[in-house]
Amino acid sequence: MQWETVIGLEVHVQLATKSKIFSGASTAFGAEPNTQACAIDLAMPGTLPVPNEQAFRDAIMFGLAIDADIAHTSMFERKNYFYPDLPKAYQTTQLEKPIVGRGHVEIELADGSKKSIRIHHAHLEEDAGKSLHEGSFEIHGHGMSGIDLNRAGTPLIEIVSEPDMRGAEDAVAFARKLHSIVTSLGICDGNMSQGSMRFDVNISVRPLGSDSFGTRTETKNLNSFKFMEEAIALEVARQIEVIEDGGKVIQETRLYNGDTKKARAMRSKEEANDYRYFPCPDLLPIVFDDDYIQAIRQTLPELPDARRDRFMDQYGLSHYDANILSGDAHVARYFETAAGGDAKLAANWIMGELSARLNAEDIAIQNCPVSAEQLAGMIARLVDGTISSKMAKEVFDAMWNGEGSADDIIEARGLKQVSDSGAIEALVNEVIANSPQQLDNYRSADEAKRPKMLGYFVGQIMKASKGQANPQQVNEVLLKKLNELL
Amino acid sequence: MTIERADIEKLAELARIELNEATIAETTKSIADVLALVDQLQAADTEGVEPMAHPTDAVQRLRPDVVTETNQREAFQAIAPVTEAGLYLVPKVIE
Amino acid sequence: MHNKTLADIIAGLNRGEFSSVEITRHFLDRIQQLDGRYNSFITVTADAALASAADADRQRASGSAPLFCGVPMAHKDIFCTNGVRTSCGSKMLDNFVPPYDATVVENFAHAGAVILGKTNMDEFAMGSSNETSYYGPVKNPWDINCVPGGSSGGSAAAIAARLTPAATATDTGGSIRQPAALCGITGLKPTYGRVSRWGMIAFASSLDQGGPMARTAEDCALMLNVMASFDPKDSTSIDRPVPDYSIDLNQPLSGLKIGIPREYFGEGLNPGTEQAVRDALAEYEKLGATLVEVSLPHSHLAVPAYYVIAPAEASANLSRFDGVRYGYRCENPKDLRDLYMRSRGEGFGEEVKRRILVGAYCLSAGYYDAYYRKAQQVRRLIKQDFVEAFKQVDVIMGPTSPSPAFAFGSKGSDPVAMYLEDVYTIATNLAGLPGMSVPCGLVDNKPVGLQIIGDYFDEALMLNVAHLFQRATDWHQRAPEGLA
C-alpha cells in the first residue's frame, strides 16, 4: 500500500527579550545555575507576575509577519501539572484567547514548488527550567536530579500549525522558514543549539488518497532541522510497519535521541494528563487597540521572501543563491555587508568556504571570526587582482586565525600577486627555454589538444614565481609566446 | 452527582496529595457534602451570562523590558531543603 | 495604656506622654502574660520590636516622625516579613523565613510602625473558626470556649484582648469581617485591588484582599491610609489615588440611604443577632439616614459559587508547595512522586487538602463547564445584584455573620456548616466590593457585628458611616471581662 504522511508542528520560539515574561530577571543564556531565578521565577509565596510588554510586541510582530489576526483582547490561563522544572506547578500560557490567531506561512520545496502552511494560532507562555541528570548527586542512596531555574519564565511563543505538511521535506522547509521569519524580525536569536527554537512534531500516516487522519504521535523537543528530518523518517517508518504488521498506532508522546538515532515512547504517559486549565486570576485581560498594532506594523523589518526577491534584483543572484542568503537574517546581514566589493564573489565565499568552516567548527555566523567587513576587504583585493583565488584561501585562513585585515595579511606575508607584464614575460621566456621537450610536443600536437598542454607551463611559471604571478596574465602571455613559436 | 473513593484517589493523584488511609472515607464524604452544596449552582439560570474571572473591569498593565533583578541565589537557597552546586535537588527525574 | 486606640497612641506619642519603647514594652508584656490563654500570636518579635521602637523614639526626637512612627501593631502571618518566619498557619511553612517583605509590610515600615509579631490564622486562610491552624486554635477573648472566627482570628482576638491596638488581616470570603464581628472589633475589607497582594500568600487570588483590623473605624481609617497603595508589582492593583480616609469621618449622615437586603434577614439568622442589627439600623435612622429595602436575588448562590471559585484558584496557588525550593519536605522520599505526595500530604492540614481536592475536581476534564464556568457566570449575576442595589442606595447593611461566636468543635466534621458562617460576607468578595464589620451589640455577652457594604472604592464613606455610629454608641468600647 502507498502511505501518505501527515505532519503538524508545534514550535517553541524563545523571545529575545532582556527580561523574563513575568519578572525582571535576566534571560541571558549560560549563567551559573539559579543566579537568574528571582523570587517570582522561583514561585516564592506571595509573589505575583507582571507581563513584559516586549514579549507582546514580539508576538504581535510575528503575527503580522504571517498575516494573522491579532487579538485585541487576549488572556492567560494556568496549565496545571507537577514537574520539578515548573516551580508554580502550573505554566502560565494562553488557551482561549491567544495573542495571534490564524495565519499562514509560504514554503518552497527543492523542486521549486510552493505550499502554504496554515497556522492555527500562536500564543505567549513561559518556559520551564531545566532538570540536570548528569550530576552525580546522591542522597540516602537515591540518585538525584539538579534543578536550574534560570530558564524558568523566559518568554516563548508557541506556534501551532495545522496538519498541512506531507513529509519531512515540508516539515523542515516550514521549520526553516519560521526560523528565517523570527530571526528576520529580530524576536529570536535563532540559536538552535541553545534551545532557542524547539519543535514538537505530530506525525500520522494514512493510505494515500484517504482524507481521514490516522492516529498521531508527538515527538517532542527536537532542536535541530537534521534531528527533525531523522525523527520524522524513523517515526513514519515505524508507524507504517506497525500498521502493516496488523497493529495499531497508539497516541503517545515520543522522544528522539539524536546521538543514538533512536526514539522511544515517554514513560508515565499511560494516563492522559488533565491540565485543569483556567483563567489566571493574577493577570487581567490584555488589550491592544488598532493604533498600537498599526504602530508595530510600521516597524516590521524586511521579511525573508521580500529580501530574497531584492537579492535577486539588486545583486543579480540566482533564485537558489538568493534563497540561501536571504533565509537567515544574520546570514543576510553578513552577505549585504560583504557584498560591497563584488556580490557574486561574496555569495560564493559565504556559501562555500565560510559556511563550511562555520559548520565544521559549529559557530553561528554572528560569531564568525572573520567579519563581513574583513571578507569584503579580501574580495576587493581579489577583484583588483592584488591576490589570486589561491592566495585568497591563505588570506582567509589567516583572517580566521585573527591575523587582521586582508591588507595587513597580504602585506605581512608578501602575498602580492606579480602583475608586472615585463616580469611575467621574463618568467614565461625562462620556463619555455627550460622546457624544449614540452615545447616540441606542443608544437606537434593537434590544435584541439594544445589548451590541455598549457597546464604544464603554467604550473612551472607559477612555481618559479612562488605562486605570486597573476594567473590570468600568465595565461595570456604564455599563449602569445607559444603561438609566436609555432 | 455521587463521588466515590476512587474519584478522590484520582483527584489526590492529580493534586499530588497523599491521603491518609484512616481518614479517606471521611474525606470522601466531606467532599461529597461540599459538592452537594456547590451543585446548587446547577439550578441557576445563566443563559447568555458572560463568565466573570475578575471582580473589576481593569485591564492588564505591562512592564517595560528591563532587567531589575539581581542574583539572590544565596538568600533563596538558604531556605531551600536540599541544594548542591547551586541546584535544587530532587529524586531523579525520569522522562 | 492598652485601652488606647491607635489614634490615642499617635496623639500620646506626639505629645510625649509616653515613648514608643514604653508602649511597645507594655504590649509585649501583655502578650507574654496573656497570650498563653488566647494563642493569638504565632511569632512574637519582641527584640526587633523594642529595637525599632527605640529607633522610632530617636527619630521622633529628631523632629521628623511619619504617621505611624513608633506605633505598635501586628501582622497576620500571611504577609511575608523579611527575616521573620511567615507560616501562613501551616506546617508546610513552619520553617519558611522569606527574604522579602510584602508591600503592606513595607508600607507600615515606611510609616514607622513597630511590629509586635505575627498573628495566628486558619491554615492558608481556609477556615472561619481558626481551628485549622497548625499552631492550634485561637481562643475568643470574650469566651475562651468559643472560636474567634477566621481566618484572621489571631488578629481579631489579639485586638479584642488588648494585646495590640491594631493588626493587618486578609479577607477572601469574610476572613476580616467575621472574626471582627465575633471578637467585637472593627474590620474593613477594601475594594479588590485597593491593597497590594504582593507578598501576601495567596489563597484565592481573585478574592483575596488585605485590610485593617482595629477597635474603631477611626483607627481603621488610619491603618488604611498606610495600607492602601497602587503597587506596580501586583497586576490587579488599581492605579488610583489613595484618599485621606480620615478627613471625612465626621460628615453628617443626613440623607444617607441605607439598603437593607431582605435576603440577609431570612432563615438561619440568630434572633439575638437580628435584634442587635435592627437596633443598629434604628440608630442610623436617628442619625438622619433612611432605610430602603433592597433585594440581592442571587445571594443564595454566593456560597456555592465561592466554594467552586476559591478552591479552584487555591488548588493552583498551593501547587507551588512541593518540598523542592522552600518549606516542608518529607523525610527520605523514595522517588519524585513520593516527594510530592508525602511533602504535600504531611505538610497540609485536612481542610486545605479538602479544598485543593474540591478545586481540582471543579477544574478537571468534563466538569469545568458545569462547575467553574457556571460559578463564574453566577459571580457576574451576584455582582449585577449589587450594581443594581447601589443605583438606589449609598451603603448596604446587614448582619456580618448569622450568629455570635460558637463553641470549638460545634460545627463538627461537616465543612458545609462551617462554610455557611460566611453566608453574608462572601458575596462582596465575589463582587470585589468593600465590606466592613462594626460591633453593634452583645448576645449572651458575645459580640455581634453590623456589616456595612459600600460601592467600589467607597471606603471613605463606609468609614464615615461607621465612625458616626461609634460616636453615638459604645459597643466598640466594650471589652471582654477582665481585659479592659
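Residues numbered from 1 in each chain as written. Chains lettered and ligands numbered in written order. Predicted model: local features only at pLDDT ≥ 70, side-chain atom pairs only at ≥ 80, totals over all residues.

This brings us to the overall build of chain B. For chain B, the count of helices and strands is three helices and two strands. In chain B, the succession of helices and strands from N to C terminus is α-α-α-β-β. Taken over the C-alpha trace, chain B has a radius of gyration of 22 Å; the compact-globule value for 95 residues is 12 Å, which it surpasses by more than 25%. Counting only residues that meet the buried cut, chain B has 26% of its 95 residues in that class. (Helix = DSSP H or I, 4+ residues; strand = E, 2+ residues; numbered from the N terminus. Rg over C-alpha atoms; globule rule 2.2 N^0.38 Å. Buried ≥ 20, exposed ≤ 12 C-beta atoms within 10 Å, placed from the backbone.)

Before going further, it helps to spend a moment on the interface of chain C and chain A. Taken residue by residue, the interface counts 36 residues in chain C and 27 residues in chain A. When residues of the side of chain C that touches chain A are traced back to their parent elements, those giving at least two are helix 9 (302-317), helix 10 (336-347) and helix 11 (350-363) of chain C. The dominant element in the side of chain C that touches chain A, judged by the number of residues it contributes, is helix 9 of chain C, at three residues. Grouping the amino acids of the side of chain C that touches chain A by side-chain chemistry returns 20 nonpolar, eight polar and eight charged. (Contact = placed C-beta atoms within 7 Å. Nonpolar A, V, L, I, M, F, W, Y, C, P; charged D, E, K, R; others polar.)

What follows covers the interface of chain C and chain B. Contact residues are listed per partner, giving 56 residues for chain C and 43 residues for chain B. Of all the secondary structure elements, the ones that give two or more residues to the side of chain C that touches chain B are helix 9, helix 10, helix 11, helix 12 (369-389) and helix 13 (415-419) of chain C. Ranked by residue count, the leading element in the side of chain C that touches chain B is helix 12 of chain C, at 11 residues. Across the side of chain C that touches chain B, the residue classes break down as 32 nonpolar, 11 polar and 13 charged.

So, on to the sheet that holds strand 13 (residues 253-257) of chain A. All names here are of chain A. The eight strands lie next to each other as 5-6-10-1-11-12-13-14, forming an open sheet whose pairing is mixed. If you trace the sheet from one side to the other, it starts and ends with strand 5 (103-108) and strand 14 (262-265), each paired once. Across the sheet, the mean angle separating the axes of adjacent strands is 30 degrees when strand polarity is ignored. By the bridge criterion, four bridges tie strand 11 (residues 197-207) to strand 12 (residues 217-222) in an arrangement that is antiparallel. Directly across from I203, in strand 12, lies its bridge partner T217. Helix 3 (residues 225-244) rests against strand 1 (3-14), strand 11, strand 12, strand 13 and strand 14 of the sheet, and its axis sits at about 25 degrees to strand 11. (Pairing = 2+ DSSP bridges. Axes fitted to C-alpha atoms, helices over the stretch in contact; angles between N-to-C directions.)

Let us look at the sheet that holds strand 3 (residues 77-80) of chain A. Hydrogen bonds between backbone groups are what pair the strands of a sheet, and the pairing can be parallel or antiparallel. Residues and elements named next belong to chain A. The strand order across the open sheet built from three strands is 4-3-15, with neighbouring strands paired in antiparallel fashion. Taken across any chain shown, the strands that pair with only one partner, and hence form the sheet edges, are strand 4 (90-93) and strand 15 (278-279). Two elements, strand 3 and strand 15, share two bridges in a ladder whose sense is antiparallel. Looking at the pairing, E77 lines up with P279 of strand 15.

Further remarks concern the environment of F203 of chain C. Residue and element names in this part refer to chain C. Mapped onto the elements of the fold, F203 is located in the loop between strand 5 (186-189) and strand 6 (209-214). Through-space distance from the C-alpha of F203 to that of A312 is 9.9 Å; in sequence the pair is 109 residues apart. Those residues in contact with F203, other than ones at most four positions away along the chain, are F124, A125, M126, T172, D208, A314 and N317.

Across chain C, the average pLDDT comes to 97, with 100% of residues at or above 70. Scored as a whole, the predicted complex attains pTM 0.91, and scored at its interfaces, ipTM 0.97. (pLDDT = per-residue confidence, 0-100.)

Take the pairing of strand 5 of chain A next. Residue and element names in this part refer to chain A. Of the two faces of strand 5, the one lined by G103, V105 and I107 is fully buried and the one lined by H104, E106 and E108 carries no buried residue. In this structure, strand 5 lies alongside strand 6 (residues 114-126), joined through six bridges in antiparallel fashion. In the strand pairing of strand 6, H104 is matched with R118. Here strand 5 folds back onto strand 6 in antiparallel fashion, the turn holding five residues, of which G112 has a positive phi close to 90 degrees.

Our next topic: the environment of D342 of chain A. Residue and element names in this part refer to chain A. One can find D342 in the loop between helix 7 (329-338) and helix 8 (343-361). Residue classification places D342 among the partly exposed residues on the basis of 17 C-beta atoms within 10 Å. Along the sequence, D342 and N359 sit 17 residues apart, while their C-alpha atoms lie 24 Å from each other. The residues touching D342, leaving out its near neighbours within four places in the chain, are I379 and V383.

In this section: unusual backbone geometry. Residues and elements named next belong to chain C. Residue S151 is bonded to the preceding G150 through a cis peptide linkage, with omega at 10 degrees. Phi is positive for N39, close to 60 degrees, though the residue is something other than glycine. Within the secondary structure layout, N39 lies in the loop between helix 2 (20-38) and strand 1 (41-44).

Taken residue by residue, chain B gives an average pLDDT of 93. The fraction at 70 or more is 98%. Confidence, read as mean pLDDT per element, is least for helix 2 (residues 24-38) of chain B in chain B (93) and greatest for helix 3 (residues 73-77) of chain B (98).

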